[in-house]
Amino acid sequence: MAIPDIGPVVSSAHLAKSSLPALSEVEFALTMANNAYHRWMMRCMTAAGMPGLSPLEILIVHLVNHRDRAKTLADICLVLNVEDTHLANYAIKKLDGHGLVKVGRKGKEKTIAITEKGADLCKRYGEIREALVVRAARQLGHDPADISRVAALLRTLSGAYDQAARAAAAL
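What counts, and at which threshold
Residues numbered from 1 in each chain as written. Predicted model: local features only at pLDDT ≥ 70, side-chain atom pairs only at ≥ 80, totals over all residues. Heavy atoms only, no water. Helix = DSSP H or I, 4+ residues; strand = E, 2+ residues; numbered from the N terminus. Contact = heavy atoms within 4.5 Å. Axes fitted to C-alpha atoms, helices over the stretch in contact; angles between N-to-C directions. Parallel < 35°, antiparallel > 145°, perpendicular 65-115°, else oblique. Left-handed = near helix turned anticlockwise from the far one by under 90°. Buried < 20%, exposed > 50% of the residue type's maximum accessible area, 1.4 Å probe, protein only.

**A short note on the side chain of Thr111**
Then, number 1: Following the sequence through the fold, Thr111 ends up in strand β3 (residues 109-114).
Then, number 2: Look past the residues within four positions of Thr111 in its chain and what remains in contact with it is Ala70, Lys71, Lys102, Val103, Gly104, Arg105 and Lys106.

**Some remarks on the packing of helix α2 (residues 21-48) against helix α3 (residues 55-65)**
Then, number 1: Packing of α2 against α3 leaves a shortest axis separation of 9 Å and a crossing angle of 70 degrees. Relative to α3, the element α2 lies roughly perpendicular. Judged by the sense of rotation from one axis to the other, the crossing of α2 with α3 is left-handed. Here Tyr37, His38, Met41, Met42 and Met45 of α2 come into contact with α3, specifically with Pro55, Ile58, Leu59, Val61 and His62.

**Notes on the environment of Leu15**
Then, number 1: Take Leu15: it is sitting in helix α1 (residues 13-16).
Then, number 2: Residue classification places Leu15 among the partly exposed positions, given a relative accessible area of 48%.
Then, number 3: The spatial distance from the C-alpha of Leu15 to the C-alpha of Glu109 is 44 Å, given a sequence separation of 94 residues.

The following block contains the structure:
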């Protein structure tokens with residue numbers, strides 16, 4: 001029995017009927033990957049000893065830990081492509097309340113730095129990530145250079161979506 005051609009794997013067939021159906025496949029894959037990644041981050045952080053953090057809070061604590069340098073709210077929003085600074089600010093207040101980051105000042109700008117407790121948590125998260133995700137990803141046998149190319153493509157596409165969002169807002 002022949003396997004029927006079901007077309008691209010998408011969540012919105014009406015959007016795949018375009019001049020670039022493969023983009024609908026990417027959008028569906030991004031949705032699946034985003035949801036899986038958020039679920040993973042929260043479960044890994046729980047396993048590392050800090051339940052109840054949102055995906056944004058987890059991303060922020062890792063970013064603040066990055067290179068052990070204080071960050072500004074503007075830096076955090078820029079790097080994570082967060083448009084609503086209020087969401088990031090709320091997340092920072094929650095992380096500060098848990099003792100994972102400390103808020104300071106550099107001139108008029110608020111700075112956010114990692115605490116020892118936050119750095120230890122990030123280290124534990126990294127150990128769990130290495131044991132569960134990195135090991136599994138390596139077993140798939142993908143060339144690390146291919147994974148980097150996919151990441152570069154996704155970053156490039158994010159720019160196209162950002163530009164399109166600006167254009168749509170001007171309509």
